[in-house]
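The lines below spell out each chain.
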Amino acid sequence: MLEKVRGIILSNTPYKETSKILQIYTKEHGLIGVMAKGAKSLKSPLRALTDNFTYGYFYIYYKEGKLSLLTQVDLINNFNNIKTDIELISYMSYLCDLTHQVLNESADAEIFDILINGLEKINDKLDPLIITNIIELKYLDYLGVGLNLDKCNKCFKTTNIITIDPDVGGYICKDCYTNETMVSLKTIKMIRMYYYIDISTITSIKVSDIVKREINDFLNRYYERYTGLYLKSKDFLSKLVIK
Ligand SMILES: [Zn+2]
């Protein structure tokens, strides 16, 4: 039976002379393999709609655990602002790679909304580093190494939080502080806001450079230490845009 699913193409591989095999991350079925017959041929209407990062409605004959068959695609958002900016393309590549990794650990449908809402906000010209950090922070829960941003990570008290440290794995209060990295009070508050905010509701976002940098540094170190993920696209992104 023909089914309409909402999804984004995370990767595509040529298959035989004229076809492609797509990995589509869908809201309905999670990550699925899809055969796009003839999609490499110049005449095919699928040709332009089967590249990476195509976000739309996919009409497929769904086969659980096997390759589904693609018949048609209706674009939802072409992410034109992202696709015409090399820096933003790097963010999108990284976020799609990261999502692919997260999906190995969890099939929670919430992940789909986090990714799509984030890409839409980046396409709407919101600060891509802030949006990326928000997504990274939210994904930690699905990677099984979520942060508790309500209390001290050592004594579990909720008062007098004075810093956040990746080695301790979260907040530290005044009484438990020894010699951890210090961050500004704004960073402590803002990272909590990053975690709890619903990305779809963000219309503008103002964060000072120092807070942005402290949160990004924290997340990089936390990811390195607790997730075991290494993504080439992150490496590339760091060299390109994050100074
Ligand atoms: Zn404490």
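Residues numbered from 1 in each chain as written. Predicted model: local features only at pLDDT ≥ 70, side-chain atom pairs only at ≥ 80, totals over all residues.

## Details of the sheet that holds strand E5 (residues 68-77)
Taken together, five strands build a closed barrel; the order of strands is E1-E2-E3-E5-E4 and the barrel is mixed. On average, adjacent strands in this sheet sit at an angle of 50° to one another, irrespective of strand direction. (Pairing = 2+ DSSP bridges. Helix = DSSP H or I, 4+ residues; strand = E, 2+ residues; numbered from the N terminus. Axes fitted to C-alpha atoms, helices over the stretch in contact; angles between N-to-C directions.)

## With respect to the domain arrangement of the protein
Many authors give the size of an interface as the accessible area that is lost as the parts come together. Taken domain by domain, the protein comprises domain 1 (2-78) and domain 2 (81-240). Here the C-alpha centroids of domain 1 and domain 2 sit 30 Å apart. Contacts between the two partners involve nine residues from domain 1, matched on the other side by 11 residues from domain 2. Residue assignment for the side of domain 1 that touches domain 2 shows that the elements contributing at least two residues are strand E1 (2-15) and strand E3 (30-36). Residues of the side of domain 1 that touches domain 2, tallied by class, amount to six nonpolar, two polar and one charged. (Domains from an automatic or database assignment. Contact = placed C-beta atoms within 7 Å. Nonpolar A, V, L, I, M, F, W, Y, C, P; charged D, E, K, R; others polar.)

## Overview of the environment of Thr201
Note that Thr201 resides in the loop between helix H5 (185-196) and helix H6 (209-226). For the pair formed by Thr201 and Lys121, sequence separation is 80 residues and the distance between their alpha carbons is 9.7 Å.

## Describing unusual backbone geometry
Phi angles above zero are rare outside glycine, and Phe79 is one such case at about 50°. Look at Lys125: it is not a glycine, yet its phi comes out positive at around 75°. With respect to the helices and strands, Lys125 occurs in the loop between helix H3 (110-123) and helix H4 (128-142). Residue class for Lys125 comes out exposed when judged on the 11 C-beta atoms lying within 10 Å of it. (Buried ≥ 20, exposed ≤ 12 C-beta atoms within 10 Å, placed from the backbone.)

## Some details on the environment of Ile89
Relative to the elements of secondary structure, Ile89 occurs in helix H2 (residues 86-105). Overall, Ile89 belongs to the partly exposed group, with 16 C-beta atoms counted inside 10 Å. Through-space distance from the C-alpha of Ile89 to that of His100 is 16 Å; in sequence the pair is 11 residues apart. With near-sequence residues (within four places) excluded, Ile89 lies in contact with Ile82 and Lys83.

## Things to note about the packing of H2 against H3
The packing of two helices is summarised by the inter-axis angle and the distance between the axes. Two elements in contact, H2 and H3, have axes whose closest approach is 11 Å; the angle formed by their N-to-C orientations is 175°. Comparing their axes, H3 and H2 come out roughly antiparallel. Touching Leu88, Tyr91, Met92, Leu95, Thr99, Val102 and Leu103 of H2 are Ile111, Leu115, Gly118, Leu119 and Ile122, all from H3. Taken together, the residues of the contact of H2 with H3 sort by class into 10 nonpolar, two polar and no charged. (Parallel < 35°, antiparallel > 145°, perpendicular 65-115°, else oblique.)

## Re the packing of H5 against H6
Here H5 crosses H6 at 65°, and the two axes come no closer than 9 Å. Between H5 and H6 lies a crossing of right-handed hand. From H5, Lys186, Thr187, Met190, Ile191 and Tyr194 reach across to H6, where they touch Val211, Glu214, Ile215 and Phe218. (Left-handed = near helix turned anticlockwise from the far one by under 90°.)

## Some remarks on the environment of Ile215
Inspection of the secondary structure assignment puts Ile215 in helix H6. Note on Ile215: 25 C-beta atoms within 10 Å, which makes it buried. Considered as a pair, Ile215 and Ile197 are 18 residues apart in the sequence and their alpha carbons are 15 Å apart. Non-local contacts of Ile215, meaning those with residues more than four positions away in its chain, are made with Asn133, Thr187, Met190, Ile191 and Tyr194.

## Some thoughts on H5
With 12 residues, H5 extends 17 Å from end C-alpha to end C-alpha; this agrees with the ideal 16 Å at 1.5 Å per step. Of the positions making up H5, those classed as buried are Thr187, Met190, Ile191 and Tyr194. The arc that holds the buried residues of H5, viewed along the axis, is 105°, so those residues lie on one side. Pointing more than 90 degrees away from the buried face of H5 are the exposed residues Leu185, Met193 and Tyr196. Elements in contact with the buried residues of H5: H4, strand E6 (161-165) and H6. (Expected span 1.5 Å × (residues − 1). Arc of directions from axis to C-beta.)

## Focus on the nonpolar core
Counting residues in each nonpolar core, the largest one holds 55 residues, and the members touching the most others are Ile24 and Leu95. Both domain 1 (2-78) and domain 2 (81-240) contribute no fewer than three residues apiece to this core. If near-sequence neighbours (up to four positions away) are discounted, Ile24 is found in contact with Gly7, Ile8, Ile9, Ile32, Val34 and Phe58. (Core = buried A, V, L, I, M, F, W, Y, C linked by C-beta atoms within 7 Å.)

## Topic: the pairing of E1
In this structure, E1 lies alongside strand E4 (residues 55-61), joined through seven bridges in antiparallel fashion. Its bridge partner lying in E4, Ile8 is registered against Tyr55. Note: E1 against strand E2 (residues 19-26), eight bridges, orientation antiparallel. By the bridge assignment for E2, Tyr15 is matched with Ser19. Between E1 and E2, which pair antiparallel one after the other, the connecting turn spans three residues, and Lys16 there sits at a positive phi close to 50°.

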